[in-house]
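Each chain, letter by letter, is given below.
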Amino acid sequence: MGESVLVAATLTVAMAQAQGQSNGGYDPRTWSYDQARNVLVSPSAPDEATDGEMRPTWSAIPREIVDFGEAQPKGSIVINTRERRLYYILGDGKALRYAVGVGKEGLEWSGRDMISSKKDWPDWRPPAEMRSREASKGRLLPARVTGGPNNPLGARALYIGNTLYRVHGTNQPWTVGQANSSGCIRMTNEDVIDLYDRVKIGAQIIVRH
């Protein structure tokens, strides 16, 4: 499985025990870890494409300012998973629209929460439960996978309340616009950096099907 799988499983030790405000069944603690490749392995998608399978004809879906008639506070985020689009509310009936990757069938979720934290080149820290389980199988998880250009979590992460979900970048940008994650919202690194610089901690975020 490629590194894109790890993107969907972003979490921290502190948040691993938290209860989300979503209706999805996503639980990254059920995943396993491939020590040889240093990637997290989804139980539902063991054959996901790797970096070497990047589509040569891929091109970015540009962000753009669009009309947005719904009354939401300026600075809020609204995600429509059916459209695979994220809207950052600019006010005065306008929003900045970005393409996103969303949860695959059966792993979708929806809810209303707030942005609780922001991370620049986020690390990945597997929870104690996962590390113990994998150790019992003879596989030792790293306590920390350092953030950086080769980290599958991408350039930035916006943490959603006390849930296990994130809005974050990816090093496999051709997956943006598809329903292929395990619940997290995936953006190109360029777009997530742009969004990260705009969004304030405490901002409202709504995720809808």
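Residues numbered from 1 in each chain as written. Predicted model: local features only at pLDDT ≥ 70, side-chain atom pairs only at ≥ 80, totals over all residues. Heavy atoms only, no water.

### Notes on the pairing of strand β8 (residues 111-120)
Sheet topology places β8 next to strand β13 (residues 204-208); four bridges connect them, and they run antiparallel. Residue R112 lies in a different strand from β13, and its bridge partner there is I206. The sheet contact formed by β8 and strand β9 (residues 156-160) spans five bridges and is antiparallel. When the bridges of β9 are listed, I115 appears paired with I160. (Pairing = 2+ DSSP bridges. Helix = DSSP H or I, 4+ residues; strand = E, 2+ residues; numbered from the N terminus.)

### Thoughts on the sheet that holds β9
The mixed open sheet is built from nine strands, whose spatial order is β3-β6-β5-β4-β13-β8-β9-β10-β12. Either end of the sheet is taken by a strand with one partner, and the two such strands are β3 (64-67) and β12 (185-186).

### What to know about the side chain of D194
Secondary-structure assignment places D194 in helix α3 (residues 189-198). For D194, a relative accessible area of 15% corresponds to the buried category. If near-sequence neighbours (up to four positions away) are discounted, D194 is found in contact with R63, L96 and Y98. (Buried < 20%, exposed > 50% of the residue type's maximum accessible area, 1.4 Å probe, protein only. Contact = heavy atoms within 4.5 Å.)

### Observations regarding the nonpolar core
Of all hydrophobic cores here, the largest spans 23 residues; its most connected members are I77, L86, V167 and L195. With three residues, the top contributor of residues to this core is α3. Leaving out residues up to four positions away in the same chain, L195 has contacts with I77, L86, Y88, Y98, L158, V167 and M187. With seven residues, the next largest nonpolar core counts F68, V78, Y87 and A95 among its residues. (Core = buried A, V, L, I, M, F, W, Y, C linked by side-chain atoms within 4.5 Å.)

### Focus: the pattern of salt bridges
The tally for this structure, following the rule as stated, stands at seven salt bridges. One salt bridge in this structure joins R63 and D191, with 2.5 Å as the shortest N-O distance. In this pair, R63 sits in the loop between β2 (39-41) and β3 while D191 sits in helix α3, placing the two residues 128 residues apart along the sequence. Of the charged contacts in the structure, one is a salt bridge between R208 and E70, with a shortest N-O distance of 2.6 Å. (Salt bridge = Lys/Arg side-chain N within 4 Å of Asp/Glu carboxyl O.)

### Overview of the confidence of the model for the chain
On average, residues of the chain score 75 in pLDDT, and 67% of them are at 70 or above. Confidence over residues 1-31 falls short of pLDDT 50; this stretch has 119 contacts with residues more than four positions distant or in other chains. (pLDDT = per-residue confidence, 0-100.)

### So, the pairing of strand β5 (residues 85-91)
The two faces of the sheet receive side chains in turn, since in a regular strand these alternate between them. The element β5 is extensively covered by neighbouring structure, given that five of its seven residues are classed as buried. Bridge analysis of strand β4 (residues 77-80) against β5 gives four bridges, and the strand direction is antiparallel. Bridge pairing links I77 to Y88 in β5. Counting the residues in the hairpin turn of β4 and β5 gives four residues, including R84, whose phi is positive at 60 degrees. Pairing geometry for β5 and strand β6 (residues 94-99), over six bridges, is antiparallel. Within β6, the position partnered with R85 by the bridge is A99. The hairpin formed by β5 and β6 contains two residues between the paired strands, and D92 there has a positive phi angle of roughly 55 degrees.

### Things to note about α3
Looking only at α3, the buried set comprises N189, D191, V192, D194, L195 and Y196. Elements in contact with the buried residues of α3: β4, β5, β6, β8, β9 and β10 (166-168).

### Re unusual backbone geometry
Positioned with a positive phi, R84 is a non-glycine residue whose angle comes to about 60 degrees. Within the secondary structure layout, R84 lies in the loop between β4 and β5. Assessed through its relative accessible area of 31%, R84 is described here as partly exposed.

### Considerations on the side chain of T170
Looking at the element boundaries, T170 is found in the loop between β10 and β11 (179-181). At 3.0 Å, the side chain of T170 forms a polar contact with the backbone nitrogen of Q172. (Polar contact = N/O pair within 3.5 Å; in protein donor to acceptor, adjacent residues only side chain to side chain.)

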